[in-house]
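Working through the structure, step by step
Each chain, written out:
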Amino acid sequence: MALARFEALIRGDLGVRRGRGSRPGHRPAWYWTPLGIAAGSAPAWEHAVCSALAHWAGWVGERDWAALRARSLGAAARGATDPEDERLVAAARLWLCFVDDPEAHGIVHRPGVRRDPLACALDSLARDVHEHRRCAA
């Protein structure tokens, strides 16, 4: 029951908003239930983690990756020295378990993820998911 509600939020009120053309933009940061208002802008790494997990569950397609790809590559190119960048790189690695993007794979796997504990946990999850998917194939 709770997963069904979360899926409905991800596909609906917490879905990707404001994009240019066919490119989506961002995911709202919060949803206020009493008035049904979704607002704010989730940081890129939160958007990436949420949408990668939703994609893994089959709730969203690859459209979110298109919105996050450029920001993820930028964070990797900067060397992931900032905690926000490091988290985004780790979340992008999780996304790359599900999408075929060899160019992004080469760039996103260059910097190390070692400083931020949350980024390290996300990176570990990405490695585990990659290993599980490879063994299942």
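Read on for an overview of the structure. Remember, it's a predicted structure, so these values are computed and weren't measured experimentally.

1. Observations concerning the packing of aromatic side chains
The geometry of an aromatic ring pair is captured by the separation of the ring centres together with the interplanar angle, meaning the angle of the planes. Scanning all chains against the criterion turns up 2 aromatic pairs. Ring centres of Trp-56 and Phe-98 lie 5.8 Å apart, and the angle between their planes is 35 degrees; this geometry places the pair in the tilted category. With a gap of 42 residues between them, Trp-56 in helix H2 (residues 44-56) and Phe-98 in the loop between helix H4 (83-95) and helix H5 (102-108) connect regions that are remote in the sequence. Ring plane angle 35 degrees and centroid distance 6.1 Å describe the contact between Trp-65 and Trp-95, whose orientation is recorded as tilted. Of the two residues, Trp-65 is situated in helix H3 (residues 63-77) and Trp-95 in helix H4; the sequence distance between them amounts to 30 residues. Owing to a relative accessible area of 6%, Trp-65 belongs among the buried residues under this scheme.

2. With respect to the packing of H3 against H4
Relative orientation of the contacting elements H3 and H4 amounts to 130 degrees, with a least axis distance of 9 Å. Judged on the interaxial angle alone, H4 and H3 are oblique. Crossing angle aside, the handedness with which H3 passes H4 is left-handed. Taken together, the residues of H4 that come into contact with H3 (itself represented by Asp-64, Trp-65, Leu-68, Arg-71, Ser-72, Ala-75 and Ala-76) are Asp-85, Leu-88, Val-89, Ala-92 and Trp-95.

3. Section: the pattern of salt bridges
A side chain with one charge may pair with a side chain of the opposite charge, provided their charged atoms come close. Under the criterion given, the structure shown has 7 salt bridges. The salt bridge partner of Asp-116 is Arg-87, with a shortest N-O separation of 2.7 Å. With Asp-116 in the loop between H5 and helix H6 (117-136) and Arg-87 in helix H4, the pair connects residues that are 29 residues apart, well separated along the chain. Among the charged side chains, a salt-bridge network with shared partners connects Arg-69, Asp-101 and Glu-103.

Calculation notes
Residues numbered from 1 in each chain as written. Predicted model: local features only at pLDDT ≥ 70, side-chain atom pairs only at ≥ 80, totals over all residues. Heavy atoms only, no water. Phe/Tyr/Trp six-rings, centres within 6.5 Å; stacked < 30°, edge-to-face > 60°. Helix = DSSP H or I, 4+ residues; strand = E, 2+ residues; numbered from the N terminus. Buried < 20%, exposed > 50% of the residue type's maximum accessible area, 1.4 Å probe, protein only. Axes fitted to C-alpha atoms, helices over the stretch in contact; angles between N-to-C directions. Parallel < 35°, antiparallel > 145°, perpendicular 65-115°, else oblique. Left-handed = near helix turned anticlockwise from the far one by under 90°. Contact = heavy atoms within 4.5 Å. Salt bridge = Lys/Arg side-chain N within 4 Å of Asp/Glu carboxyl O.

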